[in-house]
Amino acid sequence: MCSGQVNPPPVSPDLSETPPREECGVFGVWAPGEEVAKLTYFGLFALQHRGQEAAGMAVSDGAALVVYKDLGLVAQVFDEPTLDSLRGHIAIGHTRYSTTGSCTWENAQPTFRATAAGTGLALGHNGNLVNTAELAARAAAEGVPDVSGATTDSDLLTSLLAARPDLSVEAAALEVLPTLRGAFSLVFMDEHTLYAARDEYGVRPLVLGRLERGWVVASETAALDIVGASFVREIEPGELLAIDDDGLRSERFAAPTPKGCLFEYVYLARPDTTIAGRNVQAARVEVGRRLAREHPADADIVIPVPESGTPAAVGYAQESGIPYGLGLVKNSYVGRTFIQPSQTIRQLGIRLKLNPLRDVLRGRRVVVVDDSIVRGNTQRALVRMLRESGAIEVHIRISSPPVKWPCFYGIDFASKAELIANGLDVEGIRRSIGADSLGYVSLDGLIVASEQPRSRLCHACFDGEYPIPLPAPELVGKHVLEGIGVRVANTERAVNGDAAPKLPRGYGAGGALTRP
Ligand code: SF4
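A brief report on the enclosed structure follows. The model shown is predicted, which means the values in this text are computed figures rather than measured ones. (Residues numbered from 1 in each chain as written. Predicted model: local features only at pLDDT ≥ 70, side-chain atom pairs only at ≥ 80, totals over all residues. Heavy atoms only, no water.)

Examining the nonpolar core
In this structure, Phe263, Tyr316, Tyr409 and Phe413 are the most contacted members of the largest nonpolar core, which totals 48 residues. Of all the secondary-structure elements, those providing two or more residues to this core are helix H8 (263-268), helix H9 (280-294), helix H10 (310-320), strand E21 (365-370), helix H16 (443-450), strand E24 (457-458) and helix H17 (460-463). No fewer than three residues from each of domain 1 (26-259) and domain 2 (279-463) sit in this core. When sequence neighbours within four positions are dropped, the list of residues in contact with Tyr409 reads Gly127, Asn128, Val130, Ala183, Val203, Arg204, Cys458, Tyr466, Pro467, Ile468 and Leu470. Membership of the second largest hydrophobic core comes to 28 residues, among which are Phe27, Ala46, Leu83 and Val227. (Core = buried A, V, L, I, M, F, W, Y, C linked by side-chain atoms within 4.5 Å. Buried < 20%, exposed > 50% of the residue type's maximum accessible area, 1.4 Å probe, protein only. Helix = DSSP H or I, 4+ residues; strand = E, 2+ residues; numbered from the N terminus. Domains from an automatic or database assignment. Contact = heavy atoms within 4.5 Å.)

Next comes the structure, spelled out in structure tokens:
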């Protein structure tokens, strides 16, 4: 069962540029005797940064499985009476930013299906599949019912898992998971068992934690910390975990080929999270040190673009000996407002998010450390604002290499044509944003700072080397399941014995690679 009110989607009043959007956060808990809905609520709070469009959870008491979800932030979706009504010993939760499918209530997660065997099945997904069109065709060919109105790869996956009357959820997962291509860190559950699974590349993080009376799985270790769970280990790439009254079972559905997302270390993950044994804050500070060595500056002060640029700015200041200071104050909550800004307010642009400290900046040569440049609009406005605030020189330092390629594994950057580094070299970008100098950390420098072997990382958005093969451009992308009549067409073709997907051109990665 799904229930909930419909709020309007959050909007960003700074329309000059949106940062790379995180994908989603997932959380799961199996803990008899604990208030699992409240544990999940706090776990989702710790994962709010990974998705701010929608939030939801599913709870089971062993007899009934209930899903509650809505558009909005965790604190807007859930209140005390709602949480009190969600009773049980198993729960999963999800915070969503849409990487496949639009921001609609139907697309919020957990997804839900009644299985062909008569149980409930709820699922939360972080990542993005790249063979969604192929899976949709297969579902249509096999007569898998499409009943939810959702248009996400996650919903389709739930349908596939629920469609086998002859198999348990666990057995169905061992059949279906090896047929998925792309990035998926999953939590799912029926009335009795909590499951967690991670794609064979381990693109998105997923960790296992221990409570005194149960188990927790979460996208990030920071979500274990907030509920008092101790870190046990990462869910292995290609591993399916099942947790129920019989204990914890681990099964392999694919051989591991680790390719963890390098951008998690740059921006996506919380600084207090640890991924593959490397604390994210420490990695970011080290990137800042390397940035200072690779791109020194003659300046009076190092300031971060808060908050994502802060650790690297600390590292830059430590290494360069230039004093660290705060020159920009972030209006932390304005980017998550539900109020549509008027045109007058929109024109304030970056000032809605960042307020300059003029006394700090006046007459100073300033090094500004930011995490990435996507379209360049933010940095252009930033440089102008700093100069208007009295800075006499502005040196921009970026704690990631130039982002030149779109991500198909769960991060929504922009289309290839929109990425400023795709069309301009560093000097061209410097001129475009109006800085006195511009320096990006090298890919090698970032990889060394992550303390991961290069061979175990995905760095495709920086160099175009996609570790998971991509299908034809028109068969991947955010709106791949929203093409005109795609599902109808697929169903018709299945009825006619032709399972080939019929997707309109111009959707998905084709657009991501070419459209401005
Ligand atoms: S393309 Fe970039 S953002 Fe996407 S998974 Fe790879 S490293 Fe991460």
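Having seen it, we continue.
A few points about helix H1 (residues 36-46)
Taken across its eleven residues, H1 has nine buried, putting it largely inside the fold. For H1, the set of buried residues is Val36, Ala37, Lys38, Leu39, Thr40, Tyr41, Gly43, Leu44 and Ala46.

Observations regarding the pairing of strand E4 (residues 65-71)
Counting buried positions along E4 yields six of seven residues, so the element is predominantly enclosed. Pairing analysis gives seven bridges linking strand E3 (residues 54-60) to E4, with the strands arranged antiparallel. Considered in E4, the bridge of Gly56 is made with Lys69. In sequence, E3 turns back onto E4 through a hairpin of four residues, with Gly62 there showing a positive phi of about 95 degrees. (Pairing = 2+ DSSP bridges.)

Some points on the packing of helix H5 (residues 153-162) against helix H6 (residues 169-176)
Running from amino to carboxyl end, H5 crosses H6 at an angle of 120 degrees, the nearest separation of the two axes being 8 Å. In terms of orientation, H5 and H6 fall into the oblique class. In this structure, the crossing between H5 and H6 has a hand that is right-handed. Note on element contacts: H6 touches H5 through Ala172, Ala173 and Val176, opposite Leu157, Leu160 and Leu161. Class assignment for the residues of the contact of H5 with H6 results in six nonpolar, no polar and no charged. (Axes fitted to C-alpha atoms, helices over the stretch in contact; angles between N-to-C directions. Parallel < 35°, antiparallel > 145°, perpendicular 65-115°, else oblique. Left-handed = near helix turned anticlockwise from the far one by under 90°. Nonpolar A, V, L, I, M, F, W, Y, C, P; charged D, E, K, R; others polar.)

Describing the environment of Val360
With respect to the secondary-structure elements, Val360 resides in helix H12 (residues 358-361). In this structure, the C-alpha to C-alpha distance between Val360 and Ile303, residues 57 residues apart in sequence, is 9.8 Å.

Details of the packing of aromatic side chains
Across all of its chains, the model carries twelve aromatic pairs by this definition. With a centroid separation of 6.4 Å and an interplanar angle of 85 degrees, the aromatic rings of Trp405 and Tyr466 are classed as edge-to-face. With Trp405 in the loop between strand E22 (393-398) and helix H14 (420-423) and Tyr466 in the loop between H17 and helix H18 (486-495), the pair connects residues that are 61 residues apart, well separated along the chain. On the basis of relative accessible area, Trp405 is assigned to the partly exposed category, the value being 25%. Here a set of aromatic residues connected by ring pairs shows up, and it is made of Tyr41, Phe42, Phe45, Tyr68 and Phe78. Positioned over the ring face of Trp405 is Lys416, at 4.1 Å from the centre of the ring. (Phe/Tyr/Trp six-rings, centres within 6.5 Å; stacked < 30°, edge-to-face > 60°. Lys NZ or Arg CZ within 6 Å of the ring centre and 35° of its normal.)

Observations regarding the packing of H9 against H10
The interhelical angle for the contact between H9 and H10, taken along N-to-C directions, is 45 degrees, at an axis separation of 6 Å. It follows from the interaxial angle that H9 and H10 lie oblique. Crossing geometry of H9 relative to H10 is assigned as right-handed. Contacts from Gln281, Arg284, Val285, Gly288, Arg289, Leu291, Ala292 and Arg293 in H9 reach Pro311, Ala312, Gly315, Tyr316, Gln318, Glu319 and Ser320 in H10.

Details of the pattern of salt bridges
Under the criterion given, the structure shown has 29 salt bridges. In this structure, Glu239 engages Arg233 in a salt bridge whose closest nitrogen and oxygen atoms are separated by 2.7 Å. Judged by its relative accessible area of 26%, Arg233 falls in the partly exposed class. Bridged by salt links that share partners, the residues Glu35, Lys38, Glu80 and Asp84 form one connected network. (Salt bridge = Lys/Arg side-chain N within 4 Å of Asp/Glu carboxyl O.)

Distances and angles like these do not, on their own, reveal function.
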